[in-house]
Amino acid sequence: MRAWADAVADWSVGHHAGLFANPVGRGGDGPTMRALLDGPAPEEGRPFDAVFADFRDKIIAHSYQCQHPRFWAFVPGAPSFPAVLGDWLCAAADVFAGVWAEAPGPTQVELTVVDWFKQWLGFPADAGGLFTSGGSEANLTALAAARDPVPFADRDRLVMYASAERHWSVDRAAGIIGLRPDQVRPLPVDAEYRLRPEAFRAAVRDDRSAGRLPWLLSANAGSTNTGAVDPLRELAEACRAAGVWLHVDAAYGGPAVLTDEGRALFDSIGDADSVTLDPHKWLAQPFEAGCLLVRDVRRLTDAFALRPDYMEDVAAAGDEVNFCDRGIGLTRRFRSLKVWLSVQLLGVGWFRRLVEHCYGLADYLQATLEQSGEFEILSPRRLSVVCFRHVPLGGPMSEAELERLNRRLMDEQRSGGKAFLSSTRLAGRFALRACFVNWRTSADDVDAVVSSFLI
Ligand SMILES: Cc1ncc(COP(=O)(O)O)c(C=O)c1O
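My aim in this report is to walk through the structure given alongside it, one point at a time. (Residues numbered from 1 in each chain as written. Predicted model: local features only at pLDDT ≥ 70, side-chain atom pairs only at ≥ 80, totals over all residues. Heavy atoms only, no water.)

Scanning the protein chain from N- to C-terminus turns up 16 helices and 11 strands. For the protein chain, the C-alpha radius of gyration of 23 Å lies close to 23 Å, the compact-globule estimate for 455 residues. With respect to the principal axes defined by its C-alpha atoms, the protein chain has extents near 60 × 60 × 45 Å. Relative to its full complement of 455 residues, the protein chain shows a buried share of 52%. Across the protein chain, contacts joining residues at least 24 apart in sequence account for 74% of those joining residues at least 6 apart. Carbon and sulfur atoms make up 55% of the accessible area of the protein chain, which amounts to about 20,100 Å² in all. (Helix = DSSP H or I, 4+ residues; strand = E, 2+ residues; numbered from the N terminus. Rg over C-alpha atoms; globule rule 2.2 N^0.38 Å. Buried < 20%, exposed > 50% of the residue type's maximum accessible area, 1.4 Å probe, protein only. Contact = heavy atoms within 4.5 Å. Areas by Shrake-Rupley, 256 points an atom, 1.4 Å probe, with all protein chains shown as cover.)

Time to look at helix α4 (residues 81-93). Between the first and last C-alpha of α4 there are 18 Å, a value that for 13 residues agrees with the 18 Å anticipated at 1.5 Å per step. The complete set of buried residues in α4 reads P82, A83, G86, D87 and C90. In an axial view of α4, the angular spread of the buried residues amounts to 150°, which keeps them on one side of the axis. On its buried face, α4 is in contact with α13 (336-346). Note on α4: the residue one or two positions beyond its end, D94, has a positive phi of about 45°. (Expected span 1.5 Å × (residues − 1). Arc of directions from axis to C-beta.)

Spatial ordering of the open sheet is given by β1-β7-β6-β5-β4-β2-β3, a layout of 7 strands whose pairing is mixed. Here the strands that pair on one side only, and so sit at the sheet edges, are β1 (128-132) and β3 (184-187). The average undirected angle you get between the axes of adjacent strands in this sheet is 20°. Note: strand β5 (residues 245-249) against strand β6 (residues 274-277), 3 bridges, orientation parallel. Each bridged residue has a counterpart across the sheet, and for H247 the counterpart in β6 is S274. In this fold helix α9 (residues 232-242) packs onto β4 (213-220) and β5, with an angle of close to 170° to the strand it touches most, β4. (Pairing = 2+ DSSP bridges. Axes fitted to C-alpha atoms, helices over the stretch in contact; angles between N-to-C directions.)

The next thing to look at is the sheet that holds strand β9 (residues 385-390). Here 4 strands make up an open sheet; going across it, the order is β8-β9-β11-β10 and the pairing antiparallel. Among the strands making up the open sheet, the edge pair consists of β8 (375-382) and β10 (422-426). The average angle at which neighbouring strand axes cross in this sheet is 30°, direction not considered. With 4 bridges joining them, β9 and strand β11 (residues 429-435) adopt antiparallel strand pairing. Along β11, the bridge assignment pairs C387 with R433. Its contacts with the sheet place helix α14 (residues 348-372) against β8, β9 and β11, and it is angled at close to 160° to β8.

Another point: the nonpolar core. F117, F200, L217, W282, L365 and F388 are the most contacted members of the largest nonpolar core, which totals 89 residues. Looking at which element gives the most residues to this core, the answer is α14, with 10 residues. Discounting residues that sit within four places of it in the chain, F117 has contacts with F131, L277, P279, L283, C291, L293 and V339. Counting 30 residues, the second largest nonpolar core, distinct from the first, contains L111, A144, V170 and L179. (Core = buried A, V, L, I, M, F, W, Y, C linked by side-chain atoms within 4.5 Å.)

What follows deals with the pairing of β6. Taking every second residue as pointing to the same face, both faces of β6 are buried, with S274 and T276 on one and V275 and L277 on the other. Handedness of the crossover is the feature at issue here: the chain leaves β5, passes through helix α10 (residues 260-265), returns alongside β6, and the resulting connection is right-handed. Across 4 bridges, the pairing between β6 and strand β7 (residues 290-294) is antiparallel. Of the residues in β7, the one forming a bridge with S274 is V294. (Right-handed = clockwise from strand over helix to strand, strands pointing away.)

Here we come to the pattern of salt bridges. The final tally for this structure, using the stated rule, is 33 salt bridges. Between D325 and R307 there is a salt bridge, and its shortest N-O distance comes to 3.4 Å. With a gap of 18 residues between them, D325 in the loop between α12 (298-304) and α13 and R307 in the loop between α12 and α13 connect regions that are remote in the sequence. Residue classification places D325 among the buried residues on the basis of a relative accessible area of 7%. (Salt bridge = Lys/Arg side-chain N within 4 Å of Asp/Glu carboxyl O.)

Turning our eyes to something else, we now look at the site of the ligand. In the vicinity of the ligand there are 14 residues, among which G135, S136, D249, D278 and H280 approach most closely. Measuring from an oxygen atom of the ligand, one finds a side-chain N or O atom of T224 at 2.9 Å. Take H280: an N or O atom from its side chain is 2.8 Å from an oxygen atom of the ligand. Its free accessible area being 390 Å², the ligand has 84% of it covered by the protein chains. Listing elements by their share of the shell around the ligand, those giving two or more residues are α6 (135-147) and α11 (279-282). Here the element with the most residues in the shell around the ligand is α6; it accounts for 3 residues. Here the shell around the ligand is built from residues that sort into 2 nonpolar, 9 polar and 3 charged. (Near = heavy atom within 4 Å. Polar contact = N/O pair within 3.5 Å; in protein donor to acceptor, adjacent residues only side chain to side chain. Nonpolar A, V, L, I, M, F, W, Y, C, P; charged D, E, K, R; others polar.)

Next up, the structure:
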């Protein structure tokens, strides 16, 4: 055990230290991967060194490191090393974090971390929540809890509203709980990609007069595309007036609330009925660590708690909590441990500085692109996202030519292991996207990536 654990620890430390210098990763096609890795399960165990070499040289060698300082695609993750250790301890302890009776210590840690998040967001003290695998599961859990009390006879008439800029996990969650596509009403955004409250109010009026039941609005606090934050105060007021559940998807943006800039933008987020957070994005945690906060925590237990005979021995008493009663999973990992451990070791200030560091990187990227004169900013920094495209000097190019050029540059950076950016479409135009969440990324990385566009 000691020798194997030492080998794993050595590799982990070396891997983390090496991220500053190594390429961002390497891909691999299907035939290559099958040739390297496919095969029957061995009847007898193989030697550790051989298996570990496979992991190191064949498996991880063919992957991109989201935690690499030049991985800016999608919404990446970049765990602190204390958080990695927390995940390791979680696996080693392998606590069943579903019921209090089996895990009062771990359950209390999850309650405490959920309380920290509630305080950061301004949620009332009697609100509650739980850890999930990620933002998608948190969004699904919120929708299922919000829909639970609606009588079956009315469910056909429910309407869910969501920003045109919502994350697609919201649509998938709506489908899973049984909403038809025509029960999901995308709402237009303004020039800053923020949901327009008057469009929401008008849609509610129209739906009511057509005999439908306005039910839930899913707003963004940090949209995936551009980092846009919807006008939460106005939306909270509009939802209250309309009797509509306000869900806020803060999967990416949540940690911004630790900073003055984020607090101003997230004004009133504590008035939401539910909020999705995703610490494995901007809170420096390994995958998987999502979280859902719900203002009236009984909505979770009403929707999810079941009392089968074989669970009678572990029913929660008094103020004890069985987290399996609050969500989808029965057997649950002790996911909150990594957050607790890293916050204990690093302090909240470290996370605040991480978010501010990422604002600074995004500002620096934008300024560098603007100064070069060879880029167009398609969406300026919002939180830590900037969208842009390379527009070379020397003659106008059509939209299609610009798309081909930018896609080629993005693909070359990725296949060359230099950087990993992703793309999106803004007002129909192809845009490159950079999303900063990584404490390792520096201004030097920004300089290197920008200049690689110009070669
Ligand atoms: C705004 C938003 N919501 C939800 C999700 C889904 O989260 P997860 O990938 O953890 O399931 C994402 C993922 O990028 C996101 O950006």
